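# Topology and contacts: notes
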Amino acid sequence: FYWGTDDTTALLAAQDALGSRGGGVLYFPPGRYVVSGGGLLLRRSYITWRGDGRESSVLMSVTTSGIIMQTPTDAKVSNIVIEDLGFDAAGISSSAVTLLGESAQAPVIIRRCHFANLQGNGVALNGMSDVEISDSLFDDPGIPIGTGIVVKGSWAVSIHDNRFHFVKNGVN
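Residues numbered from 1 in each chain as written. Predicted model: local features only at pLDDT ≥ 70, side-chain atom pairs only at ≥ 80, totals over all residues. Heavy atoms only, no water.

## Brief notes about the packing of aromatic side chains
In the structure shown here, the tally under the stated rule is 5 aromatic pairs. Measuring from centroid to centroid gives 4.8 Å for F87 and F115, while their planes differ by 5°, and the two rings are stacked. Of this pair, F87 sits in strand β8 (residues 86–88) while F115 is found in strand β11 (residues 114–116), placing the two residues 28 residues apart along the sequence. By the burial criterion, F87 is buried, and F115 matches it. (Phe/Tyr/Trp six-rings, centres within 6.5 Å; stacked < 30°, edge-to-face > 60°. Helix = DSSP H or I, 4+ residues; strand = E, 2+ residues; numbered from the N terminus. Buried < 20%, exposed > 50% of the residue type's maximum accessible area, 1.4 Å probe, protein only.)

This is the structure in structure tokens:
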């Protein structure tokens, strides 16, 4: 993956390749990764999305859509880990990461991530259970208009050891 190119197709293909082997780690070496269109749809189970550090491996969207998301029409996935990644949410009016209970099944772990430039939400959960969001940073260096984490109709959600800087709401 190279800076300046659209990495969406390559990242989805890597996810599918891991999924066909029963899962694994999708590793992001240091760099910036461009995501376009409808974002990276979680469509395979037992995938760990792992960066080299939340300030080193950064995913950014070039559209107003989210970066990692689920829609009700996606295949049901489970056992998802998102860790050590940065998300540059500049220009995203919805959420950097969106998980819907209709399509993402437990457990889901988001840890050691950085959600920057929040104009919408860092993480949005709707109808989810058995989710942990920990040791992550949610910030907007400009006018605080974004929300760190939005939880609707979800249960057994553990939110701990996170930091919220210059966001309108930490958890809503």
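## Side note on the sheet that holds β8
Adjacent strands of a sheet pair through backbone hydrogen bonds, lying either parallel or antiparallel. With parallel pairing, the 6 strands of this open sheet are ordered in space as β2-β5-β8-β11-β14-β17. Each edge of the open sheet is held by one strand with a lone partner, namely β2 (31–35) and β17 (163–165). For this sheet the average axis-to-axis angle between neighbouring strands, irrespective of direction, equals 15°. (Pairing = 2+ DSSP bridges. Axes fitted to C-alpha atoms, helices over the stretch in contact; angles between N-to-C directions.)

## As for the pattern of salt bridges
For the coordinates displayed, the defined rule picks out 7 salt bridges. D16 is the partner of R44 in a salt bridge, and the nearest nitrogen-oxygen pair spans 3.3 Å. Note that R44 is positioned in the loop between β3 (40–41) and β4 (47–51) and D16 in helix α1 (residues 8–20), a separation of 28 residues in sequence. On the accessibility criterion, R44 (30% relative accessible area) is partly exposed. Among the salt bridges present, the one from R32 reaches D88, with a minimum N-O distance of 2.8 Å. Taken together, the residues R32 in strand β2 and D88 in strand β8 connect sequence positions 56 residues apart. According to the relative accessible area criterion, R32 is partly exposed, its value standing at 32%. (Salt bridge = Lys/Arg side-chain N within 4 Å of Asp/Glu carboxyl O.)

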